[in-house]
Amino acid sequence: MNRNTKINILLLAVVVALAVLPLALGLGDHKEEPFAGSDGEAETAITEIEPDYEPWFSPLYEPPSGEIESALFSLQAALGAGVLAYYFGLRRGRRQGELRAAARLAETRDTAEGTTAPTTARSPGGAGGPESGSDAGASAPGRV
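Residues numbered from 1 in each chain as written. Predicted model: local features only at pLDDT ≥ 70, side-chain atom pairs only at ≥ 80, totals over all residues. Heavy atoms only, no water.

Caption draft 1: Layout of the overall build of the chain. The helix and strand tally for the chain stands at 3 helices and 0 strands. Of the regular secondary structure in the chain, the N- to C-terminal order runs α-α-α. Evaluated residue by residue, the chain yields a buried proportion of 5% over its 144 residues. Accessible area of the chain: about 12800 Å², with a carbon and sulfur share of 62%. (Helix = DSSP H or I, 4+ residues; strand = E, 2+ residues; numbered from the N terminus. Buried < 20%, exposed > 50% of the residue type's maximum accessible area, 1.4 Å probe, protein only. Areas by Shrake-Rupley, 256 points an atom, 1.4 Å probe, with all protein chains shown as cover.)

Caption draft 2: Region of the structure containing a negative patch on the surface. A cluster of acidic residues, D39, E43, E62 and E69, forms a negative patch at the surface. According to the relative accessible area criterion, E43 is exposed, its value standing at 56%. (Patch = residues over 30% accessible without salt bridge, like charges linked within 9 Å, V, L, I, M, F, W, Y side chains within 5 Å. Salt bridge = Lys/Arg side-chain N within 4 Å of Asp/Glu carboxyl O. Lys, Arg positive; Asp, Glu negative; His and termini not counted. Charge placed at Lys NZ, Arg CZ, Asp CG, Glu CD.)

Caption draft 3: Examining a nonpolar patch on the surface more closely. Side chains of L60, Y61, I68, L72, L75 and L79 sit close together on the surface and give an oily, nonpolar patch of about 670 Å² of accessible area. Tracing the backbone shows Y61 in the loop between α2 (38-49) and α3 (66-114).

What follows is the structure, encoded as structure tokens:
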């Protein structure tokens, strides 16, 4: 097992522990809503400190129920994950494309340096041949 696999397994174990341990240990059992969000916790703390506190602004949209609010939050998280996945996939694809292009360029340079006579007797469909649509070797010395 290589190092990256060990790190991935360790990270997965940490994530599972973070999800399971609060439930298994009964953390938050003394509260009415044990896993309420930080917004509700902050509102409760502010009201305890200063009971006549007035918020500076109100939300633009107040969902009619908690289920709709949860669904909208999940949708927002899914869209964010999709954008991040697209970005990282695009970045990886570009990097792989650059590596492939560099490998093809190095290959055409190696074949151009290895031949001294004009290579007109190539097999059809071969690498860099007229049927392949590639003109990478057109500027190499000794080619017309």
